[in-house]
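Now for the letters of each chain:
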Amino acid sequence: MSFAIALCRVLLLSGASACIPALAACPLPKPALGDGPVQAVWWAQPQPIQTGQIFAIEVEVCPADATLLKVDATMPEHQHGMNYRPSITRLANGHWRAEGLMFHMPGRWELRLDLQSGGRGHSLRDTVTVP
């Protein structure tokens, strides 16, 4: 989480309203990836993610007209990625589903979402630890 988002949360909890316009411009249901103009949240189906089992993720993006171009994951410590390439489907404006992901080894994975918005590319990353 960025310092700016953490500071806004503290200010909001203390009753200040300075961050409300910035946060309201891109409302997402939980802490989001990215602290710039493009943000996303994702959740796996089924949960929790298990080693060696295919799963899907649903992604909500903001702004809603951003396009989810690619979903990928790597294991930085092992210097390799997934053995599968997920397919991506647009479910609604700002809502996407990527199916066919599999983490074939336990450990720390880095999930990457590549998006496009306003003619610019954006790469958002999250860490997932698989038992």
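Quantities reported herein were computed from a predicted structural model and do not represent experimental measurements.

Colleague: Describe the overall build of the protein chain, naming the residues involved and giving the relevant values.
Modeller: Per the secondary structure count, the protein chain includes 2 helices and 8 strands. Listing every helix and strand of the protein chain by position from the N terminus yields α-α-β-β-β-β-β-β-β-β. Partitioning the contacts of the protein chain with sequence separation of at least 6, the portion at a separation of at least 24 is 55%. In the structure as shown, the protein chain presents an accessible area of about 7400 Å², 56% of it carried by carbon and sulfur atoms.

Colleague: Tell me about the pairing of strand 8 (residues 120-130), residues and numbers included.
Modeller: Relative to strand 8, strand 7 (residues 107-117) is paired through 11 bridges, and the arrangement is antiparallel. Counterpart to L115 in the pairing with strand 8 is H122. What sits between the antiparallel neighbours strand 7 and strand 8 is a turn of 2 residues, in which G118 has the positive phi angle 60°.

What counts as what
Residues numbered from 1 in each chain as written. Predicted model: local features only at pLDDT ≥ 70, side-chain atom pairs only at ≥ 80, totals over all residues. Heavy atoms only, no water. Helix = DSSP H or I, 4+ residues; strand = E, 2+ residues; numbered from the N terminus. Contact = heavy atoms within 4.5 Å. Areas by Shrake-Rupley, 256 points an atom, 1.4 Å probe, with all protein chains shown as cover. Pairing = 2+ DSSP bridges.

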